[in-house]
Amino acid sequence: MKFASQIINGLSLGSIYALVALGYNMVYGIVGLINFAHGDIIMVGGYMVYVAMVVAGAPLWVAVLASILVCAFTGIFIQQVAYQRLLNSGAPRISLLITAIGASIFLQNLFQMLFSSSGKSMPSMITGAPLNIGSLQISRVTMVTIAVSVLLMAGLQLVVKKTRIGKAMRATSEDAGAAVLMGINTKRTIVFTFGLGSALAAVGSVLYSSAYPLITPYMGGMLGLKAFVAAVLGGIGSLPGAMLGGYLIAVSESLTKAFGLSKLTDAVVFGILIVILLVRPAGLLGKNTKEKV
Amino acid sequence: MLQVQNINVSYGSIHAIHDVSLEVHEGEIVSLIGANGAGKTTILHTISGLKRPDSGSIVLEGHDLVKTDPPKILTLGMAHVPEGRRVFQRLTVQENLELGAYILKDKDQIQELMAEVYRRFPRLDERRKQLAGTLSGGEQQMLATGRAMMTGAKMILMDEPSMGLSPLLVKDIFRIIEDLNDQGKTILLVEQNAKMALSIADRAYVLETGKIVMSGDAHDLLEDDKVRKAYLGA
């Protein structure tokens, strides 16, 4: 029973990792940049919910909407201010990476200045009776987290596969030059991708701070890093990979806990990263496409 | 239809194209031949707006292309089949064709163009659901050509369609280009395979290190001693 409940915890946390990892992979797929500020978008989302609900006294749906909008805007703002020029001038990847880390540190310090470095406790957002299956108890937060994430991921697949902007995203991510020849506005497509990835992170943030109701300016660091490990495990750049990686990482974490080795969870996660980089650097679902003549 | 006048193009401090002028009339196949590195691809990129000239003018049916964005140029009726085909490998054949029609809004028109492409390339029809990356080189060239047809363009720029293809497939591809021309498409063709390019073209330009050194009737150029020596290995 302990295992079953840990696996369900893992699936719940995995849903959040997956939502965040999707943002990493969408951005990496389209501009080849590992956006290390993505984790901090989660933190921004958490504070927006806090401001809306606790400071302004707004209802939950307003807070969630505000959080999504502010996160999308922040993601786009960082892209426009910090990355765009580097991307346009074909700067080396290391410059982009350093800039991304800089953006991350900037966000953390900005929020430390605005809200102090001590955490804020979040109001309870998702309430209701838990579901009991035999002696297994599943909390409402867990259920909502899994359901919302699965719905969003299915929705994202639909957007990417079926819509015009989704096709533009896939075309731009594979070959931006050829996409321009199809009449695709690649700049607008990139902006949309940053916005969409950040919006998913905002939802991840709401779900995460429902389960762990304490937000700090640094909360995005570890959460973002683990979601990044999930992205690498699944295959950097691959959307199904991000989802698979998210669940695998979180379930390995919670199984480590189930075995009574709570102190080793982070070691297990980063151990997986090392192993995957050694054995299969492209990730489980990542592909190296070759040019055909 | 297309008038290019005295364009100069450079990459940083390297002056790649010197005062190039060329003209393509409606219904023609015009070839631009020259050795590797002569600047053929640069000229096509400049025409379709991917690269901006330092000076000179490019006019398509009265529209100044030098100040026009690539997507807008496409809507003016000019498509570009890039060097190396550049099909979207991880997308299906069908999705590649749909992207070709990205600028079009009219669903019926898109359906019509799609049916036309599949009629012309039954091989693509059989492989609709297949990822473009799994197609052979020749099939990818058909797909790249079909994708350009999907834009509904009147004029198509083609960059090295024969590159990397077997001689048999090269013949197929050139037959397709002639067919497109018979259907009323105007074509500007860039090729290293000068013999094939001259044999299907109406007129041609010979480019050497960024300058036009000869031009005229394609048939005359095919018979010209200098051209034969330099480009036809005769």
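Cut-offs used in this document
- Residues numbered from 1 in each chain as written.
- Chains lettered and ligands numbered in written order.
- Predicted model: local features only at pLDDT ≥ 70, side-chain atom pairs only at ≥ 80, totals over all residues.
- Helix = DSSP H or I, 4+ residues; strand = E, 2+ residues; numbered from the N terminus.
- Rg over C-alpha atoms; globule rule 2.2 N^0.38 Å.
- Buried ≥ 20, exposed ≤ 12 C-beta atoms within 10 Å, placed from the backbone.
- Contact = placed C-beta atoms within 7 Å.
- Pairing = 2+ DSSP bridges.
- Axes fitted to C-alpha atoms, helices over the stretch in contact; angles between N-to-C directions.
- Nonpolar A, V, L, I, M, F, W, Y, C, P; charged D, E, K, R; others polar.

1. What to know about the overall build of chain B
And then number 1: Summing up its helical and strand segments, chain B has 10 helices and 10 strands in all.
And then number 2: Rg of the C-alpha trace for chain B: 17 Å, near the compact-globule value of 17 Å for 234 residues, within the 12% margin.
And then number 3: In terms of overall dimensions, chain B has a C-alpha envelope of 45 × 40 × 30 Å along the principal axes.
And then number 4: Expressed as a percentage of its 234 residues, the buried residues of chain B come to 46%.
And then number 5: In chain B, the share of contacts with a sequence separation of at least 24, taken over all contacts with a separation of at least 6, comes to 66%.

2. Details of the overall build of chain A
And then number 1: For chain A, the count of helices and strands is 11 helices and four strands.
And then number 2: In terms of C-alpha radius of gyration, chain A reaches 19 Å, essentially the compact-globule figure of 19 Å for 293 residues.

3. Digging into the environment of Asp19 of chain B
All names here are of chain B.
And then number 1: As for its position among the elements, Asp19 is in strand S2 (residues 14–24).
And then number 2: Residue Asp19 is classed as partly exposed on the basis of its 13 C-beta neighbours within 10 Å.
And then number 3: Sequence spacing of Asp19 and Ser162 is 143 residues, and the spatial spacing of their C-alpha atoms is 27 Å.

4. Concerning the sheet that holds strand S9 (residues 203–208) of chain B
All names here are of chain B.
And then number 1: In space, the six strands of this open sheet follow the order S6-S7-S8-S3-S9-S10, with mixed pairing throughout. The open sheet has two edge strands, strand S6 (78–81) and strand S10 (211–217), and neither has a second partner. Geometrically, the sheet is characterised by an average inter-axis angle of 15 degrees between neighbouring strands, direction not taken into account.
And then number 2: Sheet topology places strand S3 (residues 29–34) next to S9; five bridges connect them, and they run parallel. Paired with Ile33 across the bridge in S9 is Val206.

5. A word on the interface of chain B and chain A
And then number 1: Each partner contributes to the interface: chain B provides 22 residues, whereas chain A provides 16 residues.
And then number 2: If you list the elements that add at least two residues to the side of chain B that touches chain A, you get helix H2 (70–75), helix H3 (93–100) and helix H6 (137–149) of chain B.
And then number 3: If you tally residues by element for the side of chain B that touches chain A, the top one is H3 of chain B, at four residues.
And then number 4: In terms of residue class, the side of chain B that touches chain A is made up of 10 nonpolar, eight polar and four charged.

Such coordinate-based values are descriptive only and should not be taken to indicate function.
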